[in-house]
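The primary structure of each chain is shown beneath.
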2 protein chains.
Amino acid sequence: MPAGPDPFAFRGVLVERFGADRVATAPEDRRLLSADASRRYSDCVAAVFPDREEDVVALVFAAKELGFSIVPRGAGTSPTGSAEAGPSQVVVDFSRMNRILDLSARDLVAIVEPGVLCGALQERCEKEGLFYPPDPASSRVSTLGGNVATGAGGLRAVKYGVTRDYVLGMRVVVGDGSVLDLGGRSLKSVVGYDLVRLFVGSEGTLGLTTRLTLKLLPKPPSAAAIEASFRDEAGAYRGADAILARGLLPRALEAMDGEISAIAARAVGLDLPAGVGSKLLVEVDGDEETCARDVDRVEAALVDAGAFETRRAVSPAERDILWRARRSVSSGVYRAYPAKTSEDFGVPRGSLAEAIAAMKEAGAKRGVKVLAYGHAGDANLHVNFVYDPADPTAKERVRDAVRAAADVCLAFGGTTSGEHGVGLKKLDAARRELDPAALRYMGGIKRLFDPAGIFNPKKAIPPT
Amino acid sequence: MPAGPDPFAFRGVLVERFGADRVATAPEDRRLLSADASRRYSDCVAAVFPDREEDVVALVFAAKELGFSIVPRGAGTSPTGSAEAGPSQVVVDFSRMNRILDLSARDLVAIVEPGVLCGALQERCEKEGLFYPPDPASSRVSTLGGNVATGAGGLRAVKYGVTRDYVLGMRVVVGDGSVLDLGGRSLKSVVGYDLVRLFVGSEGTLGLTTRLTLKLLPKPPSAAAIEASFRDEAGAYRGADAILARGLLPRALEAMDGEISAIAARAVGLDLPAGVGSKLLVEVDGDEETCARDVDRVEAALVDAGAFETRRAVSPAERDILWRARRSVSSGVYRAYPAKTSEDFGVPRGSLAEAIAAMKEAGAKRGVKVLAYGHAGDANLHVNFVYDPADPTAKERVRDAVRAAADVCLAFGGTTSGEHGVGLKKLDAARRELDPAALRYMGGIKRLFDPAGIFNPKKAIPPT
């Protein structure tokens, strides 16, 4: 084979322009930085680590000039492949743009670079009597830039809403290399089209975020949690309904089926009573007396809904154990079942228990075990399909089961992603979910902001 | 002058296609339906009253065929001219599409047609133990379609957010006549770009909404209000800060200056203590005991911040009086000062008192009296510039004062519209506020959804 021109000669140009300490080209780095939690490994050409907005702009111009596309990367926690980079792509890794630039108690506003960890902002707020409510289960390891790019939800959405509701402004580099300065520091604004929210959840396909202005709240004085065990799997969802029906609005309502409850308990060394069909973890906040009374009321609702055991967690240490258990679920399931695929379905609230039962049945029919947990308040389910990787027929059966479960979800009028996004993994599901006419316009928006197709191509929206 | 072809011959075609009972062409109807609360009167060619989505689609095709543009109208309460129709335009009046199609306590969802009054949905929810939190001061007369089109805020945004945060899905007819079915019934979804929020606040310039799916909450069991009077004008804002600094998050924090307080009190026959420089109206919600205790805490904060009188309103009847007073402000100012122009500025929270003082000074320098009230929680101010219409120099001085006040607002990093929108009246302010590069892309979005320029042309975004 004759040696043609090196297709990746632009690696050298990147090193030249950005400096060797800001470009990774070694195979092991490239492999690591091309992968996300979807566990589909790929191989980028190089990764660039910008220190400031100017670097990001320069990278966009380089992409246009040299003909590569760009995959933005926060912490690589996406389970959908939205941060996965393939050959001929360059990763832009925001880990060095990790400064909290401003935190104002007066204005209830934080300004951050996209590489700041969600948990780092939460902690900093906590210290200053402030509160950044969005709380993806990954908050300790995921970045705010990634949270915004995927429109992350999390554990407190039932009362406080999702990441989308806390982005007041942002700076984004778009396809022509210009920097859009969107929104601002006011808590409300309706001037111009809401481009901020168009970028939230667009998975880096419309531009690269270099700065975020986030809304904060005063820190609630206190919080308390209570966990309830039910004999049947629908119990946790009945419990959540009973709480809301009494006019209580907890900040978290987390359900887990029996096996997930066991995995979570094991992860932190908690006892689990025998015969648990489901568990519900509830957290309320407010002043101390309100919390105490709300926990009483929540407990009464849970017992009425059939809970056979409840466990209160009032001190921060007690609450911490329950939450560590909850946050360990995703990795715990992975340890218990290294071969799994997990989905992130949303359904109308009233259909929760019925939808889960139908999804489990769809799995059972195909010999696939289905485990479910999720946010019972906003009816967003994490459904795990686990299998034996040694069984040659398993993968095919899982694929069928996932598709059948998505059908269940869509038949109930649900969504195939409540908070993880589409990435590469859910393009087919997104195509089935989205109105074809709407999808055509989404394609138009992509072409408007990114005519050359530089940003995270072929992700987030299925091609039309 | 030779009689050319009748430029408005399409009036007859509209009557033919939609029926005489669904088209208004009489001069008095046209005049009424062309005007909104911006009090700039204009004159449309005709108004069409659709009964269903098919009518709206037919109207869009008629517009393309016959060459007119369409101005959507809810209840005509826009103070910016966004519902104002000029010659050669056709108004589409949604007042007959006013059905609540679904109200589900199980799913916490309502599906409505755009002509439903906000207050009608609130009342219906109330009866079923549900809660639709967005509450523009105009809720009794404004429509949900209009609320969504302008991205309305209102009286409870500090705790519950704005209209934008409650729209789960919508159906919209866009420029090619296709109907986009956006979002759905799930409380969370991140599949595809967030076109729902792109349409929210777009003031009918991108398409015509025919159906809305709205998120509801369980009805808080109880609420209580407290009003405090301060000697100085900054007092109300100090009071709001003191409340938030104690970790309390009331559902409303409404400030009024001294003269506005007098106007509000007069409207409902309430006594006003002498020497009021400002007032703050605070409402908390939750269970009865929490409300009682929170009112105590709020009162303590207000007294510490310098309140010289407080008045509690715990029973629904007592609360109703305070809220009627608050809701009467806009019309009360109009009655007291028929010649006024009012702005809807937002500033960073911490700059509230300072910004108002600077705006009043900007008015005083030009001999213009400035009255201010607004949402102290989210720092959204209704600033009224009142003048003597008999004074020939007044209008010019008011124009100067408004511009100077907008400069103050922008210098503080604020926004020239927190919740009313841009319409026609604030195009110049919007141009000064928005990033020029972002504005260019907004123009691109307008052309994408409405290439023929049919929908509410020349509004919401300044031309580039």
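Everything in this summary refers to the structure shown in the same document. (Residues numbered from 1 in each chain as written. Chains lettered and ligands numbered in written order. Predicted model: local features only at pLDDT ≥ 70, side-chain atom pairs only at ≥ 80, totals over all residues. Heavy atoms only, no water.)

**Quick look at the packing of helix 13 (residues 352-365) of chain B against helix 14 (residues 394-411) of chain B**
All names here are of chain B.
Then step 1. At their nearest, the axes of helix 13 and helix 14 sit 9 Å apart, and the two run at 155° to each other. Accordingly, the angle class assigned to the pair helix 13 and helix 14 is roughly antiparallel. Our pair here, helix 13 against helix 14, has a crossing hand that is right-handed. Note on element contacts: helix 14 touches helix 13 through Ala401, Ala404, Ala405, Val408 and Cys409, opposite Ala355, Ala358, Met359, Ala362 and Gly363.
Then step 2. Tallied by class, the residues present in the contact of helix 13 with helix 14 amount to 9 nonpolar, 1 polar and no charged. (Axes fitted to C-alpha atoms, helices over the stretch in contact; angles between N-to-C directions. Helix = DSSP H or I, 4+ residues; strand = E, 2+ residues; numbered from the N terminus. Parallel < 35°, antiparallel > 145°, perpendicular 65-115°, else oblique. Left-handed = near helix turned anticlockwise from the far one by under 90°. Contact = heavy atoms within 4.5 Å. Nonpolar A, V, L, I, M, F, W, Y, C, P; charged D, E, K, R; others polar.)

**Some points on the pairing of strand 9 (residues 179-183) of chain A**
Residues and elements named next belong to chain A.
Then step 1. Here strand 8 (residues 167-173) runs beside strand 9; their pairing, made up of 5 bridges, is antiparallel. Looking at strand 9, one finds that Arg171 is bridged to Asp181.
Then step 2. Counting the residues in the hairpin turn of strand 8 and strand 9 gives 5 residues, including Gly177, whose phi is positive at 85°. (Pairing = 2+ DSSP bridges.)

**Examining the sheet that holds strand 6 (residues 109-112) of chain B**
All names here are of chain B.
Then step 1. One open sheet holds the 5 strands; their spatial order is 5-6-10-8-9, and the pairing between them is antiparallel. Lying at the two open borders of the sheet, with one neighbouring strand each, are strand 5 (100-104) and strand 9 (179-183). The sheet shows a mean angle of 10° between the axes of neighbouring strands, taken without regard to direction.
Then step 2. Sheet topology note: the strand 8 (residues 167-173)/strand 10 (residues 208-215) ladder contains 6 bridges and is antiparallel. Bridging from a neighbouring strand, Met170 pairs with Leu212 of strand 10.
Then step 3. Relative to strand 5, helix 4 (residues 118-127) is tilted by about 35°, and along the sheet it contacts strand 5, strand 6 and strand 10.

**Here we look at the pairing of strand 18 (residues 380-386) of chain A**
All names here are of chain A.
Then step 1. In terms of burial, strand 18 is a largely internal element, 7 of the 7 residues being buried.
Then step 2. In strand 18, alternate side chains face the same way, and those of Asn380, His382, Asn384 and Val386 on one face and Leu381, Val383 and Phe385 on the other are all buried.
Then step 3. Note: strand 16 (residues 340-346) against strand 18, 7 bridges, orientation antiparallel. Looking at strand 18, one finds that Ser342 is bridged to Asn384. (Buried < 20%, exposed > 50% of the residue type's maximum accessible area, 1.4 Å probe, protein only.)

**As for the packing of helix 16 (residues 436-449) of chain A against helix 16 (residues 436-449) of chain B**
Then step 1. Orientation of helix 16 of chain A relative to helix 16 of chain B, taken along the N-to-C sense of each, is 150°, at an axis distance of 10 Å. Considering the angle they form, helix 16 of chain A stands roughly antiparallel to helix 16 of chain B. Judged by the twist between their axes, the crossing of helix 16 of chain A over helix 16 of chain B is right-handed. Seen from helix 16 of chain A, the contacting residues are Tyr441, Gly444, Ile445, Leu448 and Phe449 of chain A; seen from helix 16 of chain B, they are Tyr441, Gly444, Ile445, Leu448 and Phe449 of chain B.
Then step 2. By residue class, the composition of the contact of helix 16 of chain A with helix 16 of chain B is 8 nonpolar, 2 polar and no charged.

**Remarks on unusual backbone geometry**
Then step 1. Not every positive phi belongs to a glycine, and Ser88 of chain A is a case in point at roughly 80°.
Then step 2. One non-glycine residue, Lys458 of chain B, lies in the positive phi region at around 65°.
Then step 3. Note on placement: Lys458 of chain B falls in the segment after helix 16.
Then step 4. Looking at Lys458 of chain B, the relative accessible area reads 70%, which means it is exposed.

**A word on the relation of the copies chain B and chain A**
Two chain copies, one operation linking them: a rotation about an axis together with a shift along it.
Then step 1. Mapping chain B onto chain A calls for a screw motion: a turn of 180° about the axis and a shift of 0.0 Å along it, with 0.0 Å RMSD after fitting. Expressed as an axis order, the relation between the two copies is that of a two-fold axis.
Then step 2. The fraction of interface residues of chain B whose copies in chain A are also interface residues reaches 100%, indicating that both copies meet through the same surface. (Least-squares fit on C-alpha atoms with pLDDT ≥ 70 in both.)

**Re empty space enclosed by the protein**
Then step 1. Tallying each qualifying case throughout the model produces 3 cavities of 30 Å³ or more.
Then step 2. The volume enclosed by the largest cavity comes to roughly 320 Å³.
Then step 3. If you go around the largest cavity, you meet 20 residues; those closest to its centre are Lys159 and Tyr160 of chain A together with Lys159, Tyr160 and Tyr166 of chain B.
Then step 4. Every element with two or more residues in the lining of the largest cavity is listed here: helix 6 (157-160) of chain A together with helix 6 (157-160) of chain B.
Then step 5. A per-class count over the lining of the largest cavity returns 12 nonpolar, 2 polar and 6 charged. (1 Å grid on protein atoms, 1.4 Å probe; cavity = no way out; pocket = protein on both sides within 12 Å on 5 of 7 lines; lining within 4 Å. Points joined across faces, edges and corners; volume = space filled by probe spheres on them.)

**Points about the sheet that holds strand 5 (residues 100-104) of chain A**
Residue and element names in this part refer to chain A.
Then step 1. With respect to topology, 5 strands assemble into an open sheet ordered 5-6-10-8-9, the strand pairing being antiparallel. Here the strands that pair on one side only, and so sit at the sheet edges, are strand 5 and strand 9. With strand direction ignored, the average angle separating the axes of adjacent strands in the sheet is 10°.

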